[in-house]
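Chain and residue survey
Here's the letter readout for the chains.
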Amino acid sequence: MVSRRQIQLYNLKYRQKLQHRRAISKSFDLHFKAKQNARQRKCRQRKKEAQKNVAIVPISSSTKIDSRKVEGAKRRRANARKSKNEAEKLLKQVQQLQKENRAIKRLLSQQRSAEVNDVNTTTATSPTHLFINNISPSSKKRATKRLLSEKENLPRGSVSKLRKLGVNLSNNYDPPSSTPSILQKEIEDFLCQDDISKQAPDKKKQLHGKQIRYLLHHLSTVHQRFVTETGNSCHYSTFTRYVPDFVIKPNANDWGTCLCVTCLNPQMKFEKLQNLKSRYSIIKSVLIDGLTDITELVTDEIKTKDFKSNLAILKDEQFTITYSEWIKKKNDESNILVSTKTTITSFIADFVNKFTNEIENLTHHIDRMRQQFRAAKNARQMAMEEDDVATIHLDWSENFKLKQARQDKASYYYEQQISILSGYVWMKNNNYSFGCASDDTNHMSEATWTALQPILNSLQNNSSKITKLNFISDSPVSQYRNKTSFYLMKQYATNNKITVKWIFLESGHGKNIADAIGATIKRSMDQAVAFHPDESYTNALDLIDDIKKNTTIKLFTYTKNEIDSFKKRIPSLTAVKGTASFHEVTVKPDGQFYAKNTSFGTERLLKVDF
Ligand SMILES: [Zn+2]
């Protein structure tokens, strides 16, 4: 292709060549001029002829076009004028209507205010209205009811006359029911389940005579469970309305010393981040909108993974963070581990590392908690349905401190302590709560089994033979989850040719029905002391004898001597490997010993040397 630039260059060179040739040769110049003149003449002639043709031929068509143009313009002008007139007319109409509307409105409001004035004047003067409006609502109701029963005998027009006085006889009157609805009862029962809410550990925490219960989960989660478990699809707002006032969402301070550090620490860190999101936009981008409860997060595997990878972004930040957490500290005096709240300042990266670990732990913790609750529920269910199964839920209460009502101040240095092992027994057609009290404060395995003897004896005397015995308890290593406890389980299983299973609830979430019974027993003991100031209670037996009369809880006592003689029968034992992670152990009638880390996990046969 030849470009435009090349053509221009060629033309320029051609013109330069021509000029050069005309300059050097006169004959070429003359010849060129003649040729140029002839060409220009020809061109002028062609133009003239073309003008002539144009002037002659198209005259008629141009006039046609012009006249059409004029017509069109006229028509358009006429149309525009017409539309404009119509628009003006409509506008006038609208204005007129608006005016009328305003006038009508004014008239109406005048009429209404006149009516109101009328009513005011008539009520002030009508003695019937005055009378009706001044009798009590209940007498009005009574009168209405009597009128209703006489409705047939009233003269025509009475109903409408009475309606003007505010008495409606057209519908049958139904008094509002004072009994709570079935739904309300169902919701209350559900909320009081031990895996939904937990009784306040402090027996003094009561509201309207009911022990306060703390929710173990966020209310929305509880609502979801209510819908799935009861099949009652009530709306969330209805559900929240029926939550009784003694069931409350706890805060970190409500648990006293019974708080679950595994649950609380990540929640506190999560709330800390939420408080800081307005100061650091990076934190805001990491958090999930609408999430307030960390336990809601960890039950969703995908969400947890996302959240943890989001958190990792914060590690690159340089700012420091001051936060609180609960740590187990040794008490100076008693050498017992106590949960203490401490404040820590660290770099955000350290905070994130800690928080990530806690979320990881919480995930397993919640999973174990759910599995063990489910296992406990199944064990209870089985005991209630089958003749040969018994399930016992047990727990040591905090010791009862016995003080005499008229005690000398001087004797306060000595405080009598009473141990209480309380619990509940499920069997087919025979469920009961129990309490075993002693002046000895030993809470070890031998004491547990000594205290349980009267209950185990009554199982032996049951009409149908018990072949499966389930225990449910919290999981402190010192009390039930240890080699001594396992040895005693095996002894009982092989001696009685039965299967003994022990379900350990996840630590921090094991206190429930047994704890509640313990609290009731202690309240009765308090009352016994307070109402009988002249009685002197010196030991557990005195107290138990006194409160036995006023309770349906089966009460027993045991002594230090009984524990000691029981302990003598236990040989020296070697520890069972992995005990700390067991959450279910089973001993078969032949003495074979099985353990599981969670009740729905894999079972393995253990080698034990006892
Ligand atoms: Zn917990």
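Residues numbered from 1 in each chain as written. Predicted model: local features only at pLDDT ≥ 70, side-chain atom pairs only at ≥ 80, totals over all residues. Heavy atoms only, no water.

Considering the sheet that holds strand E4 (residues 213–215)
Sheet architecture is open: three strands sit in the order E1-E4-E5, paired in mixed fashion. In this open sheet, the two strands that pair with only one neighbour each are strand E1 (197–199) and strand E5 (247–248). Pairing analysis gives two bridges linking E4 to E5, with the strands arranged parallel. Along E5, the bridge assignment pairs Tyr214 with Ile248. (Pairing = 2+ DSSP bridges. Helix = DSSP H or I, 4+ residues; strand = E, 2+ residues; numbered from the N terminus.)

Describing the packing of helix H10 (residues 261–276) against helix H14 (residues 348–385)
Closest axis-to-axis distance for the H10/H14 pair is 9 Å, and the angle between their directions is 135 degrees. With respect to H14, the element H10 is oriented oblique. Two packed elements cross with a definite hand, and for H10 against H14 that hand is left-handed. Contacts between H10 and H14 pair Thr262, Cys263, Asn265, Pro266, Lys269, Phe270 and Leu273 from the former with Phe351, Lys354, Phe355, Glu358, Asn361, Leu362 and His365 from the latter. (Axes fitted to C-alpha atoms, helices over the stretch in contact; angles between N-to-C directions. Parallel < 35°, antiparallel > 145°, perpendicular 65-115°, else oblique. Left-handed = near helix turned anticlockwise from the far one by under 90°. Contact = heavy atoms within 4.5 Å.)

Topic: the packing of aromatic side chains
We describe a pair of aromatic rings using the distance from one ring centre to the other and the angle between the two ring planes. Within the structure shown, the criterion is met by 16 aromatic pairs. Pairing Phe471 with Trp502 gives two aromatic rings, centres 4.5 Å apart and planes at 25 degrees, and the pair type is stacked. One end of the pair, Phe471, is in strand E12 (residues 468–473); the other, Trp502, is in strand E13 (residues 499–504), and 31 residues separate them in sequence. In this structure, Phe471 and Trp502 share a single accessibility class: buried. An aromatic cluster of at least three residues, connected via ring pairs, comprises Trp449, Phe471, Tyr480, Tyr492, Trp502 and Phe504. Cation over ring: Arg241 sits above Tyr242, and NZ or CZ is 5.9 Å from the ring centre. The ring of Phe504 has Arg481 lying over it, and the distance from NZ or CZ to the ring centre is 5.8 Å. (Phe/Tyr/Trp six-rings, centres within 6.5 Å; stacked < 30°, edge-to-face > 60°. Buried < 20%, exposed > 50% of the residue type's maximum accessible area, 1.4 Å probe, protein only. Lys NZ or Arg CZ within 6 Å of the ring centre and 35° of its normal.)

Some points on unusual backbone geometry
Positive phi is not limited to glycine here, since Asn429 has a value of about 65 degrees. One non-glycine residue, Lys497, lies in positive phi territory at about 55 degrees. Within the secondary structure, Lys497 sits in the loop between helix H16 (483–496) and E13. Owing to a relative accessible area of 55%, Lys497 belongs among the exposed residues under this scheme.

Observations regarding the confidence of the model for the chain
In this model, the chain carries a mean pLDDT of 82, and residues with pLDDT of at least 70 account for 87%. Every residue in residues 118–124 scores below 50 in pLDDT, and together they form one contact with partners more than four places removed in sequence or on other chains. (pLDDT = per-residue confidence, 0-100.)

Considering a positive patch on the surface
A cluster of basic residues, Lys74, Arg75, Arg76, Arg77 and Arg81, forms a positive patch on the protein surface. Within the element layout of this structure, Arg81 appears in helix H3 (residues 59–125). For Arg81, a relative accessible area of 54% translates into the label exposed. (Patch = residues over 30% accessible without salt bridge, like charges linked within 9 Å, V, L, I, M, F, W, Y side chains within 5 Å. Areas by Shrake-Rupley, 256 points an atom, 1.4 Å probe, with all protein chains shown as cover. Salt bridge = Lys/Arg side-chain N within 4 Å of Asp/Glu carboxyl O. Lys, Arg positive; Asp, Glu negative; His and termini not counted. Charge placed at Lys NZ, Arg CZ, Asp CG, Glu CD.)

Here we look at helix H13 (residues 301–313)
In this model, H13 (13 residues) spans 19 Å end to end at C-alpha, consistent with the 18 Å of a helix rising 1.5 Å per residue. Residues of H13 that are buried include every one of Thr304, Phe307 and Leu311, and no others. End-on view of H13: buried residues confined to an arc of 65 degrees, all on one side of the axis. Structural note: H13 exposes Ile302 and Lys305 on the side pointing more than 90 degrees away from its buried face. Tucked inside the fold, the buried residues of H13 contact H10, helix H11 (281–286), helix H12 (294–298) and H14. For H13, the side-chain oxygen to backbone nitrogen distance between the N-cap and Ile302 is 3.2 Å, and the N-cap itself is Asp300. (Expected span 1.5 Å × (residues − 1). Arc of directions from axis to C-beta. Polar contact = N/O pair within 3.5 Å; in protein donor to acceptor, adjacent residues only side chain to side chain.)

Focus: the pairing of strand E15 (residues 584–587)
Here E15 shows two buried faces, one formed by Glu584 and Thr586 and the other by Val585 and Val587. Two strands pair when backbone bridges link them, and E13 and E15 are joined in this way by four bridges, in the antiparallel orientation. Following the sheet pairing, Lys501 is matched in E15 by Thr586. Here E15 pairs with strand E16 (residues 593–596) via four bridges, running antiparallel. Paired with Thr586 across the two strands is Tyr594, which belongs to E16. Linking E15 back to E16 in an antiparallel pair, the connection comprises five residues, with Gly591 at a positive phi of about 90 degrees.

Overview of the side chain of Glu325
Mapping Glu325 onto the fold places it in strand E6 (residues 320–330). Using a relative accessible area of 5% as the deciding quantity, one classes Glu325 as buried. Among the polar contacts listed, one links the side chain of Glu325 to the side chain of Lys269, at a separation of 2.7 Å. Here Lys354 takes part through its side chain, which lies 3.0 Å from a polar atom of the side chain of Glu325. Once residues within four sequence positions are removed from consideration, Glu325 is found in contact with Asn265, Met268, Lys269, Thr340, Lys341, Thr342, Ile344, Lys354 and Glu358.

Topic: helix H15 (residues 445–460)
Here H15 is 16 residues long and its end C-alpha atoms lie 21 Å apart, about the 22 Å a rise of 1.5 Å per residue gives. Where H15 is concerned, the buried positions are Ser445, Glu446, Ala447, Thr448, Trp449, Thr450, Ala451, Leu452, Ile455, Leu456 and Leu459.

Structural notes on the packing of H13 against H14
Put simply, H13 and H14 touch, their axes get as near as 10 Å, and they point 170 degrees apart. Here H13 lies roughly antiparallel to H14, going by the angle between them. Residue-level contacts link Thr304, Phe307, Lys308 and Leu311 of H13 to Val352, Phe355, Thr356, Ile359, Glu360 and Thr363 of H14. In terms of residue class, the contact of H13 with H14 is made up of five nonpolar, three polar and two charged. (Nonpolar A, V, L, I, M, F, W, Y, C, P; charged D, E, K, R; others polar.)

Quick word on the pairing of strand E11 (residues 432–438)
Within E11, seven of the seven residues are buried, which leaves it mostly tucked inside the rest of the structure. Because side chains alternate across E11, one face comprises the buried residues Tyr432, Phe434, Cys436 and Ser438, and the other comprises Ser433, Gly435 and Ala437, equally buried. Of the strand pairs in this sheet, strand E10 (residues 416–426) and E11 are connected by seven bridges, and their pairing is antiparallel. Bridge pairing in E11 links Ser419 to Ser438.

A short note on empty space enclosed by the protein
Considering all chains together, one arrives at two cavities of 30 Å³ or more under this definition. Residue lining of the second largest cavity: Leu459, Gln460, Lys465, Ile466, Tyr492 and Ile498, and that is the complete set. Taken together, the residues of the lining of the second largest cavity sort by class into four nonpolar, one polar and one charged. (1 Å grid on protein atoms, 1.4 Å probe; cavity = no way out; pocket = protein on both sides within 12 Å on 5 of 7 lines; lining within 4 Å. Points joined across faces, edges and corners; volume = space filled by probe spheres on them.)

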